[in-house]
Structures are given as structure tokens and as C-alpha cells.
Amino acid sequence: MRQHDTLRHQVKKLINSGQLEIIGGGWSMNDEAVTNYMSTIDQMTWGFRKMNETFGDCARPKIGWQIDPFGHSRDMASTFSLLGFDGLFIGRLDWSDKTARLQSKTAEMVWKASPNLGESANRIGVENEVELDDDEPSLSMVEGLMNVRYVNAEQSKGSRVNLFYSTPSCYLKSLNDANITWPTKDDDFFPYASDPHTYWTGYFTSRPTLKYFERLGNNFLQVCKQLYSLANLGPEDMVDLDAMREAMGIMQHHDAITGTEKQLVAFDYARILSNGFKECAAVASAAINKLMTPPSVQSNEESQENVVAANLDITSCLLTNISQCDISEGAEPFIVTVYNPLSRVVHKYVRLPVSGAAYSVSKFNTYVKEQASYYATDNIALTMGGDFNYQDAHTWFSNLDQLISYATDSIIMTMGEDFNYQDAHSWFANMDMLI
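Residues numbered from 1 in each chain as written. Predicted model: local features only at pLDDT ≥ 70, side-chain atom pairs only at ≥ 80, totals over all residues. Heavy atoms only, no water.

Under an unreviewed UniProt entry, the name given to the protein chain is Glycoside hydrolase family 38 central domain-containing protein, and the source organism is Ladona fulva. Word for word, the UniProt comment on the protein chain under Cofactor (unreviewed entry) is "Zn(2+)". What UniProt records for the protein chain under Sequence similarities (unreviewed entry) is the sentence "Belongs to the glycosyl hydrolase 38 family." (UniProt positions renumbered as here; feature names shortened; annotations may be inferred.)

See below:
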């Protein structure tokens, strides 16, 4: 919902004057147990970027606000310290730990979040002591102000209670100004138990398909971001990329990736992420087509008469976990492009579902060299057909013989003169050299 300009300017004025403080600042309040650090940093970064674009530098959060995730991790506290937060407010910790802290008045502590980072990762942690029942009505600012005035008015009758409005930053400053040696903690707040014999650990594995979908989404998002930069795409593709960023940010929510949501909500999360995949696939398709188009075609209009720009219809197979891929199962010829988003060379086996009994790989060596010439990288690899089995050397040789028998005399795979077919070791070594 887009607010009226008058209200938007009022909010910005309150932020710039310090009367209104934004804390947390991520795209969502992420879970701390089943999320990956890369996705957590991405969703925090995206939230910070949107706030900076909307409100400016004064809106930069300085406080972590994690009051609802089901337990808290030391690694998350370390991440918050690296984000520049001064402190962290948490809400859910084991009931016995919480009871002991409230009784001993040690709800505040110094959390030593990383032995590697040392004191730079130490942050004041505050256990949030305020709890509201679900049926308790929330107070508006006007009602709250009236209550403060009412309570303070009791001072004339001898009351020693004085209420005033503050912010988390002001509260942390008062803790620092107190110059007290606070108790320390150097481990996690896991597992979380809300009551005796009531441990919240099932969400570590609940809804495994949705958890797998989220992990796949993180991989695809990194690929899309890299391809967007490598191809130097324009703002029209940035909109598609942002859709995936937002979808992945929502998936980090402590009631999304955890699987603690209701089924209809889980369906909606899957729908949002599925749409993000579609938008991100458009970015990848545009980037790959641009990268495969020679620079002369992109810059020189005259050369387009003789050379046609690449216009491949690129499809991602997202259902290979259940052995489904429309392209590999239904198309006669098809091209497989495998992209390695890492900064190092890796060796992986790619499995594709197929419906035919036999397949041949034509012009393998030439095609790989042509692809590599476009990218000037060693990230190009091709699968050798669904009938291949890479378990041991015996299957390597038998499958190679099977592949050669399928090929005609005019389609012969030449692996290069430097290849040695005497044993399995040279097979693997030469295959690595080719890739």
C-alpha cells in the first residue's frame, strides 16, 4: 500500500530527527536454525537497500531485533556484529533459562559470538521480557500516551513509578553508561523449549520439500546475479532479478523455511518462490543469449546482416528431484548448459531424465570449445547422456563402447591426441582437462 505524500514526509521527518527508529531492517525476521548464512545476508542486504532508497542514511538500523525465531544462534549474533549492529534483542529462549535470568535479573548480557573475531563480535544481548497474550488488545500511541500520563500522575500520591518513551538504542546506551560488568555467553540458545517437555525441534526437518526448494532458490539467485553482472544487463531485467530477491527474502522468515506455517500459507510461499524462479529464469536467458552473441553483433549494426544474434529458448529443469524434465524427456535434440557459480573449479555429475533408449553426443569437442570461446571461462560442462553411469571404471568403458556404437561413421567423437585410453586414471584426468 502506497501512503499519501503527507504521511510519507512526516515519517521521514521523524526518522531524520531521531524520534522514530527502525530496528532489524531485514526483508523478514529470519529463522536462525535452518537458514543458510548466504540467504540470511542476502535478505538483510535487500532490506537495508530498500530502506536506504526510501528513507536515507538516517534510517540505517543499529539494533538487531529477533524476538520471534524459535531459538537463537551464536552465528547469527556474529553476523549482526559484522553488519554494524550495536546490540541484539531476542525473545525466545528455553523456559528454564529465561526463568533463571529474570529471577537473577541477568536478562542483559555480553554475547561473545565469535572466538575468531574476538571482541569485535561481542554485542550486548537483551532478552525481551514483555509478553502479550493473543487475546490482549494492543495499545495505540494515543492510548499508550494516556496510560503514561495516568501512571506518572500517581507520583503526586507517593508513587515512585516514572514511565517515559524510549527506543532500543537509547536503552542500550543506558546499559553502556551504567558501566557494569555484564554476564557473558558464548554458545547458542538452542534447543528452544517453551515449557517443560515442549521442545521446538521438529521444524529442523519439517516440510523438507519446501526446504529443498528454498536451497535451490538460493543457488539460482546467485547464478542470476552473476549472469546479470557478466552480461551487463539493463534495468528492465533488474525488475525480474528483484522479484527473486524478494521471494528468497520472504522464504527466510521464521514461519516460512521452518515449515511452522499452515498448509495454505506453505502453498503461498511455494507460489511466491515459483514466480521468482520464472522471473529469474528470464534474467538467465537474456544474459546467456547476450553472452553467446559476438560483441561485433551487439555493437555493429552492419554485421547483423551476416551474423544473427543468439536467440535460444532456455529452460531450467526444476523437477529433477522427481526425475522430470520436459526438455530432456520430450525434445529430440537438446543442448545442456551447466554453469558453475563458484569461484573454483568443481567436478559434479549432472543427471537428466530421458525417455529414449539411446542418445548420441555429436561434435562434442568442437561444441565445448565454441562455448568456451564465448565465456572465456572453464564454467562450461556438458552431460554425456542419461545412459551413463559414473560409479567405476568398468561402467565408464562399457558406456563409452555403447556410445560409439550408437554413433555413425560421420559422427565420431575425437577427444584429442593427448588422451590415453589405457586406464581409468587417464580417462578422468583427460576429461578434467577437456572441461
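Peer 1: Please clarify how the overall build of the protein chain should be interpreted in this entry.
Peer 2: Helix and strand counts for the protein chain stand at 14 helices and seven strands. The buried share among the 435 residues of the protein chain stands at 35%. Here the contacts in the protein chain between residues at least 6 apart in sequence split such that 69% fall between residues at least 24 apart. Counting only carbon and sulfur atoms, one obtains 54% of the accessible surface of the protein chain, whose full area is about 26600 Å². (Helix = DSSP H or I, 4+ residues; strand = E, 2+ residues; numbered from the N terminus. Buried < 20%, exposed > 50% of the residue type's maximum accessible area, 1.4 Å probe, protein only. Contact = heavy atoms within 4.5 Å. Areas by Shrake-Rupley, 256 points an atom, 1.4 Å probe, with all protein chains shown as cover.)

Peer 1: For this particular structure, what's the right way to read the nonpolar core?
Peer 2: As a rule of thumb, nonpolar side chains are buried together in soluble globular proteins. If you look at the biggest cluster of nonpolar residues, it comprises 26 residues, and the most contacted ones within it are Leu227, Met244 and Leu273. At 10 residues, the largest contribution of residues to this core is made by helix α9 (residues 263–292). Excluding anything up to four places from it in sequence, Met244 contacts Gly217, Phe220, Leu221, Leu273, Gly276, Phe277 and Cys280. (Core = buried A, V, L, I, M, F, W, Y, C linked by side-chain atoms within 4.5 Å.)

Peer 1: Looking at this structure, how should I read the packing of aromatic side chains?
Peer 2: How two aromatic rings sit relative to each other is set out by the distance from centre to centre and by the angle between their planes. Under the defined criterion, the tally for this structure stands at 13 aromatic pairs. On the basis of an interplanar angle of 5° and a centroid distance of 5.1 Å, the ring pair of Phe213 and Phe277 is categorised as stacked. You can see Phe213 sitting in helix α7 (residues 208–231) and its partner Phe277 sitting in helix α9, a full 64 residues away along the chain. On the basis of relative accessibility, which here comes to 18%, the residue Phe213 falls in the buried class. Residue classification places Phe277 among the buried residues on the basis of a relative accessible area of 2%. Its end group placed over the ring of Trp200, Arg92 keeps NZ or CZ at 5.2 Å from the ring centre. (Phe/Tyr/Trp six-rings, centres within 6.5 Å; stacked < 30°, edge-to-face > 60°. Lys NZ or Arg CZ within 6 Å of the ring centre and 35° of its normal.)

Peer 1: Got a minute to help me understand the side chain of Glu261 in this structure?
Peer 2: For Glu261, the location among the structural elements is in the loop between α8 (235–251) and α9. The buried category is assigned to Glu261, whose relative accessible area is 8%. Beyond its immediate stretch of four places on either side in the chain, Glu261 contacts Arg207, Leu210, Asp255, Ala256, Ala266 and Tyr269.

Peer 1: Just checking my understanding: could you explain the pattern of salt bridges for this structure?
Peer 2: Where charged atoms from two side chains of opposite charge approach closely, those side chains can pair. Applying the stated criterion to the full structure yields 12 salt bridges. Here Asp242 and Arg245 are joined by a salt bridge, their closest N and O atoms 2.9 Å apart. In this pair, Asp242 and Arg245 are both assigned in helix α8, three residues apart and thus about one turn of the helix distant. Owing to a relative accessible area of 18%, Asp242 belongs among the buried residues under this scheme. (Salt bridge = Lys/Arg side-chain N within 4 Å of Asp/Glu carboxyl O.)

Peer 1: Could you clarify how one ought to interpret the environment of Met109 in this entry?
Peer 2: Looking at the element boundaries, Met109 is found in strand β3 (residues 108–112). Linking Met109 and Trp182, residues 73 residues apart in sequence, is a C-alpha distance of 5.3 Å.

Peer 1: Help me understand the pairing of strand β1 (residues 63–66) in this model?
Peer 2: One face of the sheet, then the other: side chains in a regular strand alternate in exactly this way. Bridge count between β1 and strand β2 (residues 87–90): four bridges; the pairing is parallel. Among the inter-strand pairings, Ile63 is bridged to a residue of β2, identified as Gly87. After leaving β1, the chain enters helix α3 (residues 74–82) and then returns to the sheet as β2, a path that is right-handed. (Pairing = 2+ DSSP bridges. Right-handed = clockwise from strand over helix to strand, strands pointing away.)

Peer 1: I keep staring at the state of the cysteines and nothing clicks. Help me out?
Peer 2: By definition, a disulfide links the sulfur atoms of two cysteines through a covalent bond. What the rule picks out here adds up to two disulfides. Here Cys224 is linked by a disulfide to Cys280, with a sulfur-sulfur distance of 2.0 Å. Within this pair, whereas Cys224 is found in helix α7, its partner Cys280 is found in helix α9, the two being separated by 56 residues in sequence. Taken as a pair, Cys224 and Cys280 share a single burial class, namely buried. In this model Cys317 forms its disulfide with Cys325; the gap between the sulfur atoms is 1.8 Å. Taken N- to C-terminal, the disulfide-bonded cysteines of the protein chain are connected 1-2, 3-4. (Disulfide = S-S within 2.5 Å.)

Peer 1: Explain helix α6 (residues 168–177) to me, please; I cannot follow it from the model alone.
Peer 2: Spacing of three or four residues puts side chains on the same side of an α-helix, whose turn is 3.6 residues. Within α6 the residues assigned to the buried category are Pro168, Leu172 and Leu175. Burial along α6 is one-sided: seen end-on, the buried residues are contained in an arc of 55°. Seen from the open side of α6, the exposed residues pointing more than 90 degrees away from its buried face are Lys173 and Asp177. (Arc of directions from axis to C-beta.)

Peer 1: Explain the packing of α8 against α9 to me, please; I cannot follow it from the model alone.
Peer 2: Angle between the axes and distance between the axes: these two values describe a pair of packed helices. Across the interface, α8 lies against α9 with an axial gap of 8 Å and an inter-helix angle of 150°. The angle between α8 and α9 falls in the class roughly antiparallel. For the pair α8 and α9, the sense of crossing is left-handed. On the side of α8, the interface is formed by Asp237, Asp240, Leu241, Ala243, Met244, Ala247, Met248, Ile250 and Met251, while α9 contributes Tyr269, Ile272, Leu273, Gly276, Phe277, Glu279, Cys280, Ala282, Val283 and Ala286. Across the contact of α8 with α9, the residue classes break down as 15 nonpolar, one polar and three charged. (Axes fitted to C-alpha atoms, helices over the stretch in contact; angles between N-to-C directions. Parallel < 35°, antiparallel > 145°, perpendicular 65-115°, else oblique. Left-handed = near helix turned anticlockwise from the far one by under 90°. Nonpolar A, V, L, I, M, F, W, Y, C, P; charged D, E, K, R; others polar.)

Peer 1: Whenever I open this one, the packing of helix α2 (residues 37–55) against α8 confuses me. Can you help?
Peer 2: Packing of α2 against α8 leaves a shortest axis separation of 9 Å and a crossing angle of 115°. The crossing of α2 and α8 is left-handed. Here Ser39, Gln43, Trp46 and Arg49 of α2 lie close against α8, whose contacting residues are Asp242, Arg245, Glu246, Met248 and Gly249. Residue composition of the contact of α2 with α8, by class: two nonpolar, three polar and four charged.

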